[in-house]
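Descriptive analysis of the structure
Spelled out, the chains give:
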Amino acid sequence: MSTTIGKLFDLTVKKFPNKEAIYDVRRNRRFTYKEWDEQVNRLANALKGEGVRKGDRVSTYLFNNEELATAIFACAKIGAILNPINFRLMSEELAYILDDAKPKVVLFEQMLASTIASIEQRYPQISFWFIDDQTPSYAANYQHKLQEASSVLEEISIEENDDYAIMYTSGTTGRPKGVIHRHREVIEQSLIVISAMKLHANDHGLVTAPMFHCAELHCALIPRIHVGAKNTILHQFNAKQILSLIEQERITKFFAAPTMWNMLLQEDLESYNLDSLVLGLYGAAPMAPALVRACQQQLGIALVQAYGMTEMGPAISFLLEDDQMIKAGSAGQACLNHEIRIAKPREDGPSDPDDLVPIGEEGEIIVQGPCMMSGYFENEEATERAMYKGWYHSGDIGYIDEDGYLWVKDRVDDMIISGGENIFPREIEDVLYEHKGVLDIAVIGQPDEHWGERVIAFVVKKDPAVTEMELDEWCKNSEHLANYKRPRTYIFCDMLPRNASGKIQKFLLRERLRNFDTLRNDTENQIGDLKNLS
């Protein structure tokens, strides 16, 4: 038997036909696995009726909802390649992906209709399907398509090595690339997550992180469906609503990025009964040890961290619940059937998988395992560079300790070099996170004529009274931070720019600094000109 995403779904339906599978909160609709399977088959037949064949792309431009969950398995059953698109993208960013992926059908919803409307005339070859009421004139109605389609689907030959999805990278450093994953890679990831999260049929998961991202999709939703668990789907993140749903639906486990966990902690937790919640998964961005402790103490749950990247499925390592405090700050140990190495970085090309650094020494994190992408969509050069000698080159700097635990220091691109010393922003961020007046923090380097770069901290205040002097004293008194690593400037802001997976978009902060410097220099020049005139 060839194990595919469609086959995974069929086996769960056969095992738990009358069990509740999903609850779509926005529409207040519940489906048993049998009822949901009928929806999946109707969509699969509707797509076939639109001319979608094996290997064709189907894009979704949606928030979290039943229709997106249904599209995942409908595409899988007919061999179409799912392309879930970030709902935060603006019109030209969306157009870039449509130009690259070339889908035959795009599903979209009311909250995103204006973005689609601004570009749809460029794509007469694409059929746009609208999932809500009051369908725009240029689109077909999703519900009508399903009503006209049969709930009985003829079996199509799909192999485990067939492409399942194209998922575009976050684009924290530049244009996103389309990561191609095959069915078998996602099945492997699902089995790994089931083991790490101790998932079983009695679990009830909450979908609150974006479903278009592989962290939610491959490390939460699909593994839960794999074991026959229930799933409550929340349209978009809302801290109060999440806490209410945990109480009302008796949620047991769910995934959230660190910034989401942090937002939950800002609510009045004593107003909710959260005793059903036993385990939380976090990842997509580092979580400061102080935040880990706060989640454990205030929510009373165990935590598991996943570290990885879209290209690897995404998880390549887990820090399990028993290690959260013993190895606080670590990314854990390699996933089952994965090997992680620390290679010596090279300036003239990808690091060599056989040129390794000693235990405890920092280098580039590279990995090999069964969940690795087949490549970037129509981008052979980038594929060869990223998968040099069969190893995925992460671009992250880290080390492995004597116990075999991975420690991620930072992105190669984010490392600050000041006065000839390498400074990793994360270690500064972890120290500042410990301050009770700090809600969020990002550290970057700013070009400096004397030192090469100087350390700049962008801070979101939790306590409005917090000052730059207070934070500087905090860093001076920290036993975990050398004096030369201290931020030389603090910039207070209302929020930090993050992508959908919760990663801080530091390139936007650098751009903000450059614009500020340009404005300041222009102002100084104008003042100089005025002085000369006088």
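Counting from 1, residues in each chain are numbered in the order their sequence is written. It should be noted that, the model being predicted, local features are given only for residues of pLDDT at least 70 and side-chain atom pairs only at 80 or more, the latter also being counted only at that level, while totals for whole chains, interfaces and linings use all residues. Values reported for side chains reflect all heavy atoms of the structure, with hydrogen atoms and water molecules removed beforehand.

Another point: the overall build of the protein chain. Broken down by element type, the protein chain carries 15 helices and 26 strands. Note that the radius of gyration is over C-alpha atoms, with the globule rule given as 2.2 Å times the number of residues to the power 0.38. A compact globule built from 534 residues should have a C-alpha radius of gyration of about 24 Å, and the protein chain, at 24 Å, falls within 12% of that. Projecting the C-alpha coordinates of the protein chain onto the three principal axes gives extents of approximately 75 × 60 × 55 Å. If you take every contact in the protein chain between residues at least 6 apart in sequence, the share linking residues at least 24 apart comes to 67%. Side-chain charges of the protein chain comprise 56 positive and 80 negative groups, with the mean position of each set lying 3 Å from the other. Each helix is a run of H or I in the DSSP string that is no shorter than four residues. Each strand is a run of E no shorter than two, and both are numbered from the N terminus. Contact between two residues is taken to exist if any of their heavy atoms lie within 4.5 Å; hydrogens are not considered. In this tally Asp and Glu are treated as negative and Lys and Arg as positive; neither His nor the chain ends contributes. The atoms used to mark charge sites are NZ of Lys, CZ of Arg, CG of Asp and CD of Glu.

Right, let's get into the sheet that holds strand E11 (residues 230-233). Any two strands are treated as partners once DSSP identifies two or more bridges connecting them. Read from one edge of the open sheet, 9 strands run E2-E1-E11-E10-E12-E13-E14-E15-E16, paired in mixed fashion. Among the strands making up the open sheet, the edge pair consists of strand E2 (29-32) and strand E16 (333-334). As paired strands, strand E1 (residues 20-24) and E2 are joined by 4 bridges and run antiparallel to one another. Looking at the pairing, Glu20 lines up with Thr32 of E2. Lines are fitted to the C-alpha atoms to define the axes, a helix being fitted only along its stretch in contact, and any angle between axes, read from their N-to-C directions, falls within 0 to 180 degrees. The sheet strands contacting helix H9 (residues 239-249) are E1, E2, strand E10 (204-207), E11 and strand E12 (253-255), and the helix crosses E10 at an angle near 160°.

The next thing to look at is the pairing of strand E18 (residues 363-368). Buried means the residue's accessible area, taken with a 1.4 Å probe over protein chains only, is under 20% of the maximum for its type, while exposed means over 50%, and partly exposed covers the values in between. Buried residues dominate E18, accounting for 5 of its 6 residues. Both strand E17 (residues 339-343) and E18 contribute to a ladder of 5 bridges, which runs antiparallel. For Glu339, the partnering residue across the bridge sits in E18 and is Gln368. Of the pairings in the sheet, the one linking E18 to strand E20 (residues 392-400) comprises 4 bridges and is antiparallel in character. Among the inter-strand pairings, Glu364 is bridged to a residue of E20, identified as Ile397.

Glancing now at the confidence of the model for the protein chain. Per-residue confidence from the predictor is reported as pLDDT, a score between 0 and 100. Per-residue confidence for the protein chain gives a mean pLDDT of 91, with 94% of residues at or over 70. Scored below 50 in pLDDT, residues 523-534 makes 0 contacts in the model with residues more than four places away or belonging to other chains.

Here helix H8 (residues 214-227) is 14 residues long and its end C-alpha atoms lie 18 Å apart, about the 20 Å a rise of 1.5 Å per residue gives. Most of H8 is tucked away, with 13 of its 14 residues classed as buried. Expected span, for any helix, means 1.5 Å times one less than how many residues it has.

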